[in-house]
Amino acid sequence: SEFKELEIVGGHLSPNTYPLAIRFLAEGLVNAKAMVTHVYPLAEFEKAIIVKNQPGTTSIKTVLIP
């Protein structure tokens, strides 16, 4: 088949928290860059998953760069 499906699964506390989170980011009340603990190129997504799941690893947000 020429078509493929991709399932993306995520979670959040409540959809009503997004406007507040966006406002906090816009007002500089939250430092989003401080939450990023790992950055990988998209080609290394498998490595990113392995590192994130290692016991004892501090991983808050992992960013994949396309």
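Scroll up to find the structure this text is about.
Presented here is an overview of the structure given in this document. (Residues numbered from 1 in each chain as written. Predicted model: local features only at pLDDT ≥ 70, side-chain atom pairs only at ≥ 80, totals over all residues. Heavy atoms only, no water.)

Turning our attention to the side chain of His38. Tracing the chain through its elements places His38 in strand 1 (residues 36–41). Here His38 falls in the buried class, since its relative accessible area comes to 17%. (Helix = DSSP H or I, 4+ residues; strand = E, 2+ residues; numbered from the N terminus. Buried < 20%, exposed > 50% of the residue type's maximum accessible area, 1.4 Å probe, protein only.)

With that settled, the discussion passes to the pairing of strand 2 (residues 61–65). Two elements, strand 1 and strand 2, share five bridges in a ladder whose sense is parallel. Directly across from Tyr40, in strand 2, lies its bridge partner Leu64. Considered for its hand, the β-α-β crossover made up of strand 1, helix 3 (residues 45–52) and strand 2 is right-handed. (Pairing = 2+ DSSP bridges. Right-handed = clockwise from strand over helix to strand, strands pointing away.)

Residues Leu25, Leu29, Val30, Met35 and Ile60 make up a contiguous nonpolar surface patch of about 410 Å² in total accessible area. With respect to the helices and strands, Met35 occurs in helix 2 (residues 32–35). According to the relative accessible area criterion, Met35 is partly exposed, its value standing at 31%. (Patch = residues over 30% accessible without salt bridge, like charges linked within 9 Å, V, L, I, M, F, W, Y side chains within 5 Å. Areas by Shrake-Rupley, 256 points an atom, 1.4 Å probe, with all protein chains shown as cover. Salt bridge = Lys/Arg side-chain N within 4 Å of Asp/Glu carboxyl O.)

What follows covers the environment of Ile50. Within the fold, Ile50 resides in helix 3. For Ile50, a relative accessible area of 54% translates into the label exposed. In this structure, the C-alpha to C-alpha distance between Ile50 and Leu25, residues 25 residues apart in sequence, is 29 Å.

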